[in-house]
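Summary of the model geometry
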Amino acid sequence: MNINTTKIISLLFFIFSAFYLYTAYQIQVFSFDENAPFNARTFPIYLGYAGLFFSGLKIILPDPDSIKVEHKTLEYKKTFLLILIAIIYGATILKVGYFLTTSLFLLASYYFLGERRWILMFFLSFPFVAAFMYLLHGILEIYLRDPFLQSIGVMG
Amino acid sequence: MIEGILIGLTTALTFQNIFMVMIGCFFGTIIGMLPGLGPMTAIALMIPITYGFDPATGLILMAGVYYGAVFGGSTSSILLNAPGVPGTVATSFDGYPMAQQGKAGKALAIAAWSSFAGGTLSAIYLLFMAPSLSKVSLSFRSPDYFALMILGLTAIAAFSSKGQFLKAMIMVVLGLMLASVGQDSLSDITRFTFNNMNLTDGISFVLVVMATFAMSEALTIILRKNDPTSAARQVSLTELGSIKIDKGERRKMYKTIPRSSLIGFLIGVLPGAGATIASFLAYGMERNLVKDEEKDKFGKGSVNGLSAPETANNAACSGSFVPMLTLGIPGSGTTAVMLGALLGFGIQPGPRLYMTNPEIFWSVIMSMYIGMVVLLILNLPLIPYIARILAVPKNYLIPLILFFSITGIYVMSFNNFDIYLMIGIAIVATFLRLYDFPMPPLILAFVLGGLMEENLRRSLLLSNGSWSFLWDRPLTISILATTLLIVFWHIYKTTLNRNIK
């Protein structure tokens, strides 16, 4: 049997399905529901077995169309940086507020992706976010939480 | 029906809704022109905006985006031989050679008129078919619905997997597993939450769509060093030439359009099939039906060869609304996203939709006509200008996609956990994409997960825990037999292709 990354992914899914199935059996149901034809754990149990079945087949059966990914040609550094910026954005958005964090997120992302035209970067961050906030909050009346703008009295 | 049409027209022809169709078509065309970013991404990015509207307007906006994206995909197929969406691959067979002969404007006009005619004819089919199917589907019972969902999931796995059926089925199961997180709908017992309060209500549909499409699409572009906007830069520089279609070309289109629209619509109605299969089938059928001298022109800039797939892919878009509006079961990944958005509005599409919410049902059908007119009148002459707007470097495009995705989740929950979860799912989805694990089956399964469990619950309770409900009714058996037929046909085709290789 030829081992390739697709098979490793299938194996991981097989293990995940086994864990899912184990957890499904642990779901606490009401005592009167324990022997009912259908309770809260029935569907997840079937899903767990289905996951084991399909991933098991994928592991066992030959894979003539296996995909080969040239990892050397992939841009891992920029992708990782972008993910990191997104995580920092997610961590600060509630405390600092939508306007400032979003504008800084956009500015940082443009920069790390290689952009250096500062004026364009500025216009596509702070004024752009302000306009978008006005569209959501001002026109469409979608509430946006922003402690920073509230603290300086811009937002009610 | 006349009353329904009037309700639909009254709703669709309000200033706000016409404006939304125009915005949707315009935005959809932009996204559709970017290779790799399809209608699902375009619609997913629109979801946060729809929160501010009533359901009818929200759905009209999303439908406009859908048609616009398909039209935008045709543009890059014709001008650059780089299809923006899979449904327009067949368009490039004759559209691109025509553009190379200096007839780019004509090719775009043929594509636009064919799309318009295909979309309009299929909207008429939909107008007559949807209410009748709604009435028929009222006789459907839980076992039939359960079987229908299995059919839908199997079909989308078979058709979207590019020969990798098992990978698609793994994605189906993963989608159903994600849908099972949170409180059980009947007993309120929490499942797979691991005592995390943030998971009690389950994983949000918008979160999964944004993560698996918009966000992972953006990460894949960076990871693979693709530049979808380079195509747009080329389009903005292309000389289009005349957009006039002469009498002889029109005559050819008159024959092609009706038959291609019918095949497109019927394929679109089938769960999982969609615009890609419809356009290829229409192209193949047209090639067999035309005279020998026209047959030789196929692949070299044939009017019939361009008109047929364009008519069919637009007709299939309208057709894919049939199962969603009448049965509440989406036939494609794109309509699954729309169904999820409708559920978010608190509306349950299904056989009773056109009785309980006629304004939604009919206004979506009516907005299809308006969408087609908008695409024809506004988008065709504007193509070079739209391409110029699009020619922004990917350094701006990617952060903006990420920004829309995160904003979508932020305005929904004001919760850090959801943002982290979205980033986590997007990373996994990006990795799976590298190895050709398809995402549409996951989305369809996620949307149908709750309904599927509900129908299985009712079926098992009614039959006292026996699985005999699967063969008690002829309708259930027929649906399951169709499912088996699709699976065996797919295995046969895949084996045949491998043997030929």
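None of these values were measured; they are calculated from a predicted model.

Conventions and cut-offs
Residues numbered from 1 in each chain as written. Chains lettered and ligands numbered in written order. Predicted model: local features only at pLDDT ≥ 70, side-chain atom pairs only at ≥ 80, totals over all residues. Helix = DSSP H or I, 4+ residues; strand = E, 2+ residues; numbered from the N terminus. Rg over C-alpha atoms; globule rule 2.2 N^0.38 Å. Contact = placed C-beta atoms within 7 Å. Buried ≥ 20, exposed ≤ 12 C-beta atoms within 10 Å, placed from the backbone. Core = buried A, V, L, I, M, F, W, Y, C linked by C-beta atoms within 7 Å. Domains from an automatic or database assignment. Axes fitted to C-alpha atoms, helices over the stretch in contact; angles between N-to-C directions. Parallel < 35°, antiparallel > 145°, perpendicular 65-115°, else oblique. Left-handed = near helix turned anticlockwise from the far one by under 90°. Nonpolar A, V, L, I, M, F, W, Y, C, P; charged D, E, K, R; others polar. pLDDT = per-residue confidence, 0-100. Expected span 1.5 Å × (residues − 1).

**Things to note about the overall build of chain A**
- Per the secondary structure count, chain A includes seven helices and zero strands.
- In chain A, the succession of helices and strands from N to C terminus is α-α-α-α-α-α-α.
- Taking 2.2 N^0.38 as the reference for a compact globule, 156 residues should give roughly 15 Å; the C-alpha atoms of chain A span a radius of gyration of 25 Å, well beyond that estimate.
- The dimensions of chain A, computed from C-alpha atoms along their principal axes, are 60 × 55 × 25 Å.
- Sequence-distant contacts in chain A: of pairs separated by 6 or more residues, those separated by 24 or more amount to 63%.

**Focus: the overall build of chain B**
- Each helix and strand in chain B was counted, giving 23 helices and two strands.
- The C-alpha atoms of chain B give 22 Å as radius of gyration, which agrees with the globular expectation for 501 residues (23 Å, within 12%).
- Projected onto its principal axes, the C-alpha positions of chain B cover 65 × 55 × 50 Å.
- By the burial criterion, 63% of the 501 residues in chain B qualify as buried.

**Comments concerning the interface of chain B and chain A**
- Listed per partner, the contact involves 48 residues of chain B and 57 residues of chain A.
- Mapped onto the side of chain B that touches chain A, the elements with two or more residues apiece are helix 8 (165-179), helix 9 (205-223), helix 19 (394-413), helix 20 (416-434) and helix 21 (440-462) of chain B.
- For the side of chain B that touches chain A, the leading source of residues is helix 19 of chain B, giving nine residues.

**Topic: the environment of F30 of chain A**
- With respect to the element layout, F30 of chain A can be found in the loop between helix 1 (5-26) and helix 2 (42-60).
- When the C-alpha atoms of F30 of chain A and E75 of chain A are compared, they prove to be 51 Å apart, with 45 residues separating the residues in sequence.

**Describing the nonpolar core**
- By size, the foremost hydrophobic cluster in this structure holds 204 residues, and its most contacted members are M210 and M422 of chain B.
- Each of two domains, domain 1 (5-67) and domain 2 (75-151) of chain A, supplies a minimum of three residues to this core.
- With residues up to four places along the chain from it excluded, the contact list for M422 of chain B reads L207, M210, A211, M215, S405 and I409 of chain B.

**Some words on the environment of N313 of chain B**
Residues and elements named next belong to chain B.
- Turning to its location among the elements, N313 is positioned in helix 14 (residues 303-319).
- Owing to 37 C-beta atoms within 10 Å, N313 belongs among the buried residues under this scheme.
- As for N313 and F265, which are separated by 48 residues in sequence, their C-alpha atoms are 8.5 Å apart.

**Regarding the packing of helix 3 (residues 76-96) of chain A against helix 20 of chain B**
- Their axes nearest at 8 Å, the elements helix 3 of chain A and helix 20 of chain B cross at an angle of 165°. The pairing of helix 3 of chain A with helix 20 of chain B is recorded here as roughly antiparallel in orientation. Pair helix 3 of chain A / helix 20 of chain B crosses with right-handed handedness. On the side of helix 3 of chain A, the interface is formed by I83, A86, I87, G90, A91 and L94 of chain A, while helix 20 of chain B contributes N416, I419, Y420, I423 and I427 of chain B.
- Each residue belonging to the contact of helix 3 of chain A with helix 20 of chain B can be placed in one class, and the counts come to nine nonpolar, two polar and no charged.

**Looking at the packing of helix 4 (residues 55-80) of chain B against helix 5 (residues 89-100) of chain B**
Residue and element names in this part refer to chain B.
- Direction vectors running N to C along helix 4 and helix 5 enclose 50°, while the axes themselves pass 6 Å from each other. By the angle between their axes, helix 4 is oblique relative to helix 5. Within the contact between the two elements, helix 4 uses S74, S77, I78 and L79 and helix 5 uses T91, S92, G95, Y96 and A99.
- Looking at the contact of helix 4 with helix 5, its residues break down into four nonpolar, five polar and no charged.

**Considering unusual backbone geometry**
All names here are of chain B.
- Positive phi, close to 65°, is recorded for D188, a residue that is not glycine.
- Mapped onto the elements of the fold, D188 is located in the loop between strand 1 (182-183) and strand 2 (190-191).
- Residue D188 is classed as exposed on the basis of its C-beta count, with 9 C-beta atoms lying within 10 Å.
- In the Ramachandran plot, F194 falls in the positive-phi region, its phi being about 50° despite a non-glycine side chain.
- Inspection of the secondary structure assignment puts F194 in the loop between strand 2 and helix 9.
- Judged by the 8 C-beta atoms lying within 10 Å of it, F194 is exposed.

**Digging into the confidence of the model for chain B**
- Here chain B shows a mean pLDDT of 83. Residues at 70 or above account for 92%.
- Both scores are given for the predicted complex: the pTM is 0.83, the ipTM 0.93.

**Concerning the domain arrangement of chain A**
- For chain A, the assigned domains read domain 1 (5-67) and domain 2 (75-151).
- When each unit is reduced to the centre of its C-alpha atoms, the spacing between domain 1 of chain A and domain 2 of chain A is 39 Å.

**Considering the environment of G333 of chain B**
Residues and elements named next belong to chain B.
- For G333, the position within the fold is in helix 16 (residues 333-344).
- We classify G333 as buried; it has 27 C-beta atoms within 10 Å.
- G333 sits 110 residues away from I443 along the chain, and the two C-alpha atoms are 6.5 Å apart.

**A short note on helix 19 of chain B**
- If you check helix 19 of chain B, its first and last C-alpha atoms are 29 Å apart, about what 20 residues at 1.5 Å a residue would give, namely 28 Å.
- Positive phi appears at F414 of chain B, one or two residues downstream of helix 19 of chain B, with a value of about 50°.

**As for helix 14 of chain B**
- Here helix 14 of chain B spans 24 Å end to end across 17 residues, near enough to the 24 Å set by a 1.5 Å rise per residue.
- Among the 17 residues in helix 14 of chain B, 17 count as buried, and that is most of the element.

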